[in-house]
2 protein chains.
Amino acid sequence: MAQADTVVVIVGGGFGGLNAARALRRAPVQVVLLDRNNYHVFQPLLYQVATAGLEPEQIAKPVRAILRGQQNFDFRMVDVRGVDLAQRRLDTSAGPIAYDYLVLAYGGETNFFGLDRVSRTAFGLKDISDGITIRNHVLSCFELAMLETDPERRRARLTFIVVGGGPTGVEMAGALSELIRLVLVKDYPRLNIKDVRILLLEATDTLLAAMPERLREAAAKTLWRKYVEVRFGATVADFDGLEARLKSGEVIPAHTMIWAAGVRAAELSGRLGVTPGRQGRVAVEETLQLKEHPEVFIIGDAAYHEENGAPLPMVAPVAIQMGKSVATNIRNLLRGKPLEPFRYRDQGTLATIGRNAAVATVYGIRASGFIAWVMWLGIHIIQLIGFRNKLFVLLNWAWDYFFYERAARLITRD
Amino acid sequence: MAQADTVVVIVGGGFGGLNAARALRRAPVQVVLLDRNNYHVFQPLLYQVATAGLEPEQIAKPVRAILRGQQNFDFRMVDVRGVDLAQRRLDTSAGPIAYDYLVLAYGGETNFFGLDRVSRTAFGLKDISDGITIRNHVLSCFELAMLETDPERRRARLTFIVVGGGPTGVEMAGALSELIRLVLVKDYPRLNIKDVRILLLEATDTLLAAMPERLREAAAKTLWRKYVEVRFGATVADFDGLEARLKSGEVIPAHTMIWAAGVRAAELSGRLGVTPGRQGRVAVEETLQLKEHPEVFIIGDAAYHEENGAPLPMVAPVAIQMGKSVATNIRNLLRGKPLEPFRYRDQGTLATIGRNAAVATVYGIRASGFIAWVMWLGIHIIQLIGFRNKLFVLLNWAWDYFFYERAARLITRD
């Protein structure tokens, strides 16, 4: 227990909040992290939970376990309902919690861009429960297709639409194709693989917009070779759970839509008493402080911050670096030192498309195919929190790679 | 695809149904297995899912994956609603399914002995979802206790009642004690372990009634040393989710009751058109056939069969042996040979109470302590289906043993 009187409350145990808490371990403050879940999720591998490749426990770890040794740390599993900036107090499901410094790292949620019905019928992919829901649904589609006597309805059950050609959409479509074509075909000897369709719908005319053109083209080509129908200029207008309607008027009978087309800041943004900007993100100073409230920092997906005229992307590396920067600045504030402005160091992006296939631009190195895939593997294993998770994920991947398997093919019930 | 015209329908993918299906692999029949879940569960380790020691995926495997190579096998994920014995037809959620031979292996469910409110407030432990529900609830109790300012309510949140001193209750109570005293104490440095109570309530005056007396006493003593309050002659009269009332009038404030006091045949027993006997089990002939319906076999928890004047216990080995016996007898029927009567070969029982502690009577060998624990480990690893599950469970156990850990401490939401 720290004897410090200064209380730093961190809202959210994602990449930003966790890194802020850890970087404050030697600061003379009491750190209290709040989250509605008791665990931190390694979101970049969530799509592997959704495609039965990894078990939920392998990419998540309890926050208390991660920060177990940290003397000045405490965790509370609560819902944060609002912030009273004037009183420096949070309204939570366990009553009010006061702070001296506040780090808002509540992250993002799926952005359906106002498509109300789609938000109820399509699946987002932001939390463990989303991953399990998609896994259960996809596997159920195959079980139900086996019971279906009407060929049109069977094909609709076996048509999977992934919306959005960013890294999540690309990885999801690739993993779904491999789950079906390498693994499920063995489980369902009576399945006609020609009844299966996987579509990746992208509104613009390119996948992975953050990548150099050569790699974008390589990604699209690789997906196509895995029998993913990569469709450009395809904007979803509606989906009722049985068929999707595109803006062009095209109608696609399908029972599954996975929505990876957008993220926005979580709804807490709307309850801070400040006007959120684009994607519900709240504008911050260069030091990540809230204007007129220097004791409040906003980081990660929740923060709106421009560099070189463009908003920073809503990705894990931004949140991680912001978390560390905030910890430094809180220490500076305590010592009366001037604050450092935040500068994002872009280390590049990676996306895997399946066995031996990925695209990567990391530290200036551009690669595709097997080399990029090995880079992807290494970087993800290194970033996973905890040696146990690293070991079990690696074993899982090795097994699946050599035996063309996916272990977590259970349809669990609620 | 088998060309056989004879259809054997098996209801239930538990130990009985699975072994019957597998033993029919060379028979000239088409085997169709029905289950509402797509997986087989290794029920003897379910309590380890409930206590965050194992991940659900490690003790369950999709039925299609287990029987993948079997040419004459097909699986359908359906709910069986009833049986029309006269028409030889099942009523299922996917329409009627006709059979030539029927193997009813629908198993058991938690028996609350008519305690209506307890059936809604206490947790059973029969399926993967039960295990996950208990895990989430127990971990939530600790998170909520940390937010509780009232000391009485905090203690009630940290009081865990396990009902029933059979193997499930004993293993559950021991595992719960170790989860809390070896692992959670590290997660909750502010937890006062004296606020925690674990009670094992047994209505009779002995645990593990099937064991020899020396081992029963050893089990009770070992649990007591792990700070489990083992209470004999304690019968639950009511539980409202906040406090338990015993027949004696004793009232125990507690937010958790895990019910391991009884099993009965699943409710399908009541919809066969025959009168079920004790525990909802349906009486069968010596050959496990239903009287007046020689084409219908009933096995496992669903079957009532006496040997040496006592009903066979509702345990996995009985179901496994019955499954194999039924497969033999169906082959005998097809060849016009006389049927074999079923004889249970009791191989003994085991129960583990935690680290280095178990009691076992196996093949006439009686042991307790470390030797029994090693026997328990070996037998369970051997019986787990699939090399991958064996490997991952073994790694998990080794890790937890050496590092005093439990990996699956996630509170997942529905």
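None of the values given here were measured: they were computed from a predicted structure.

### Digging into the overall build of chain A
Step number 1: Across its full length, chain A carries 11 helices and 27 strands.
Step number 2: The buried share among the 414 residues of chain A stands at 57%.
Step number 3: Counting only contacts in chain A whose residues sit at least 6 apart along the sequence, the fraction spanning at least 24 positions is 64%.
Step number 4: When the accessible surface of chain A is summed, it comes to about 17,100 Å², and 51% of that surface belongs to carbon and sulfur atoms.

### Focus: the sheet that holds strand S25 (residues 348-354) of chain B
Residues and elements named next belong to chain B.
Step number 1: With antiparallel pairing, the 3 strands of this open sheet are ordered in space as S25-S26-S27. Each end of this open sheet is capped by a strand with a single partner; those strands are S25 and strand S27 (365-368). Averaged over all pairs of adjacent strands, the angle between their axes in this sheet comes to 5°, without regard to strand direction.
Step number 2: Relative to strand S26 (residues 357-362), S25 runs antiparallel, the two being bridged by 6 bridges. Note on S26: the bridge partner recorded for Thr352 is Ala358.

### Details of unusual backbone geometry
Residue and element names in this part refer to chain B.
Step number 1: Even without glycine at this site, Arg88 takes up a positive phi of about 55°.
Step number 2: With respect to the secondary-structure elements, Arg88 resides in the loop between strand S6 (80-84) and strand S7 (89-92).
Step number 3: A positive phi angle, close to 50°, is found at Phe113, a residue other than glycine.

### Overview of the side chain of Asn136(A)
Residue and element names in this part refer to chain A.
Step number 1: Mapped onto the fold, Asn136 is located in helix H5 (residues 128-147).
Step number 2: With relative accessibility at 10%, the residue Asn136 sits in the buried group.
Step number 3: At 2.7 Å, the side chain of Asn136 and the backbone oxygen of Thr412 are in polar contact.
Step number 4: Those residues within four positions of Asn136 in sequence are excluded, and the remaining contacts are Leu410, Ile411 and Thr412.

### So, the pairing of strand S15 (residues 243-246) of chain B
All names here are of chain B.
Step number 1: Side chains Ala244 and Leu246 project from S15 onto a buried face, and the interleaved Glu243 and Arg245 project onto a face without burial.
Step number 2: In terms of strand pairing, strand S14 (residues 236-239) meets S15 through 3 bridges, oriented antiparallel. Its bridge partner lying in S15, Phe239 is registered against Ala244.
Step number 3: As consecutive antiparallel partners, S14 and S15 are separated by 3 residues, and within that stretch Gly241 has a phi angle of approximately 95°, a positive value.
Step number 4: Pairing between S15 and strand S16 (residues 251-253): 3 bridges, direction antiparallel.

### Thoughts on empty space enclosed by the protein
Step number 1: In this structure the tally under the stated criterion is 6 cavities of 30 Å³ or more.
Step number 2: Computed from the structure, the largest cavity encloses a volume of approximately 60 Å³.
Step number 3: Forming the walls of the largest cavity are Leu139(A), Glu143(A), Leu184(A), Asp187(A), Tyr188(A), Arg409(A), Asn38(B), Pro62(B), Val63(B), Arg64(B) and Phe75(B).
Step number 4: Elements that contribute at least two residues to the lining of the largest cavity include exactly H5 and helix H7 (167-187) of chain A together with helix H3 (63-66) of chain B.
Step number 5: When its residues are assigned to classes, the lining of the largest cavity shows 6 nonpolar, 1 polar and 4 charged.

### Observations concerning the packing of aromatic side chains
Step number 1: Evaluation of the coordinates by the stated rule reveals 21 aromatic pairs over all chains.
Step number 2: Ring centres of Phe112(A) and Trp259(A) lie 5.5 Å apart, and the angle between their planes is 35°; this geometry places the pair in the tilted category. In this pair, Phe112(A) is assigned in the loop between strand S10 (108-110) and helix H4 (116-121) and Trp259(A) in strand S17 (residues 256-259), connecting sequence segments 147 residues apart.
Step number 3: Taking the relative accessible area as the measure of exposure, Phe112(A) reaches 12% and is therefore buried.
Step number 4: Here Phe387(A) and Trp399(B) contribute two aromatic rings whose centre-to-centre distance is 5.9 Å and whose plane-to-plane angle is 25°, an arrangement assigned as stacked.

### Thoughts on the interface of chain A and chain B
Step number 1: Contacts between chain A and chain B engage 49 residues on the former and 49 residues on the latter.
Step number 2: Summed over both partners, the interface of chain A with chain B comes to about 4,700 Å²; 58% of that surface belongs to carbon and sulfur atoms.
Step number 3: Three residues, Glu57(A), Arg68(A) and Arg388(A), lead the burial of chain A against chain B; their summed loss comes to 17% of the area buried on that side.
Step number 4: Inspection of the chain A/chain B interface yields 12 salt bridges.

### Thoughts on the relation of the copies chain A and chain B
Step number 1: Turning chain A through 180° and shifting it by 0.0 Å along the axis lays it on chain B, with an RMSD of 0.0 Å. This pairing of chains is accounted for by a two-fold axis.
Step number 2: The fraction of interface residues of chain A whose copies in chain B are also interface residues reaches 100%, indicating that both copies meet through the same surface.

### What to know about the environment of Leu288(B)
Step number 1: Structurally, Leu288(B) is set in the loop between strand S19 (282-283) and strand S20 (289-290).
Step number 2: Between the C-alpha atom of Leu288(B) and that of Asn329(B), which follows or precedes it by 41 residues, the distance is 9.3 Å.

### As for the sheet that holds S20(B)
All names here are of chain B.
Step number 1: The sheet built from 6 strands is open, its strands ordered S5-S2-S1-S9-S21-S20 with mixed pairing. Two strands bound the open sheet, and with one partner strand each, they are strand S5 (73-77) and S20.
Step number 2: The sheet contact formed by strand S1 (residues 7-11) and strand S9 (residues 101-104) spans 4 bridges and is parallel. What sits directly across from Val8, in S9, is Tyr101.
Step number 3: The strands touched by helix H1 (residues 15-23) are S1, strand S2 (30-35) and S5; relative to S2, the strand with the most contacts, the crossing angle is about 165°.

### A look at the packing of H5(A) against H7(A)
What describes two packed helices is the angle between their axes and the distance between those same axes.
All names here are of chain A.
Step number 1: Running from amino to carboxyl end, H5 crosses H7 at an angle of 40°, the nearest separation of the two axes being 13 Å. Judged on the interaxial angle alone, H7 and H5 are oblique. Remark: the crossing between H5 and H7 carries right-handed chirality. Mapping the contact onto sequence places Ile134, Val138, Leu139 and Phe142 in H5 and Met172, Leu176, Leu179, Ile180 and Leu184 in H7.
Step number 2: Looking at side-chain class alone, the contact of H5 with H7 contains 9 nonpolar, no polar and no charged residues.

### Considerations on helix H1 (residues 15-23) of chain A
Residues and elements named next belong to chain A.
Step number 1: Burial within H1 is extensive, with 7 of its 9 residues counted as buried.
Step number 2: Those residues of H1 that sit buried are Phe15, Gly16, Gly17, Leu18, Asn19, Ala20 and Ala21.
Step number 3: The secondary structure elements touched by the buried residues of H1 are strand S1 (7-11), strand S2 (30-35), strand S3 (39-41), helix H3 (63-66), strand S5 (73-77) and helix H9 (316-335).

### Regarding the pattern of salt bridges
Residue and element names in this part refer to chain A.
Step number 1: One pass over the structure, following the stated rule, counts 48 salt bridges over all chains.
Step number 2: As a salt-bridge pair, Glu109 and Arg264 come within 3.1 Å of each other at their nearest N and O atoms. Note that Glu109 is positioned in strand S10 and Arg264 in strand S18 (residues 263-265), a separation of 155 residues in sequence.
Step number 3: Classification of Glu109 by relative accessible area gives partly exposed; the value is 23%.

Thresholds applied
- Residues numbered from 1 in each chain as written.
- Chains lettered and ligands numbered in written order.
- Predicted model: local features only at pLDDT ≥ 70, side-chain atom pairs only at ≥ 80, totals over all residues.
- Heavy atoms only, no water.
- Helix = DSSP H or I, 4+ residues; strand = E, 2+ residues; numbered from the N terminus.
- Buried < 20%, exposed > 50% of the residue type's maximum accessible area, 1.4 Å probe, protein only.
- Contact = heavy atoms within 4.5 Å.
- Areas by Shrake-Rupley, 256 points an atom, 1.4 Å probe, with all protein chains shown as cover.
- Pairing = 2+ DSSP bridges.
- Axes fitted to C-alpha atoms, helices over the stretch in contact; angles between N-to-C directions.
- Polar contact = N/O pair within 3.5 Å; in protein donor to acceptor, adjacent residues only side chain to side chain.
- 1 Å grid on protein atoms, 1.4 Å probe; cavity = no way out; pocket = protein on both sides within 12 Å on 5 of 7 lines; lining within 4 Å.
- Points joined across faces, edges and corners; volume = space filled by probe spheres on them.
- Nonpolar A, V, L, I, M, F, W, Y, C, P; charged D, E, K, R; others polar.
- Phe/Tyr/Trp six-rings, centres within 6.5 Å; stacked < 30°, edge-to-face > 60°.
- Buried area = accessible area lost by both parts, 1.4 Å probe.
- Salt bridge = Lys/Arg side-chain N within 4 Å of Asp/Glu carboxyl O.
- Least-squares fit on C-alpha atoms with pLDDT ≥ 70 in both.
- Parallel < 35°, antiparallel > 145°, perpendicular 65-115°, else oblique.
- Left-handed = near helix turned anticlockwise from the far one by under 90°.

Any functional reading would require information beyond the geometric quantities listed.
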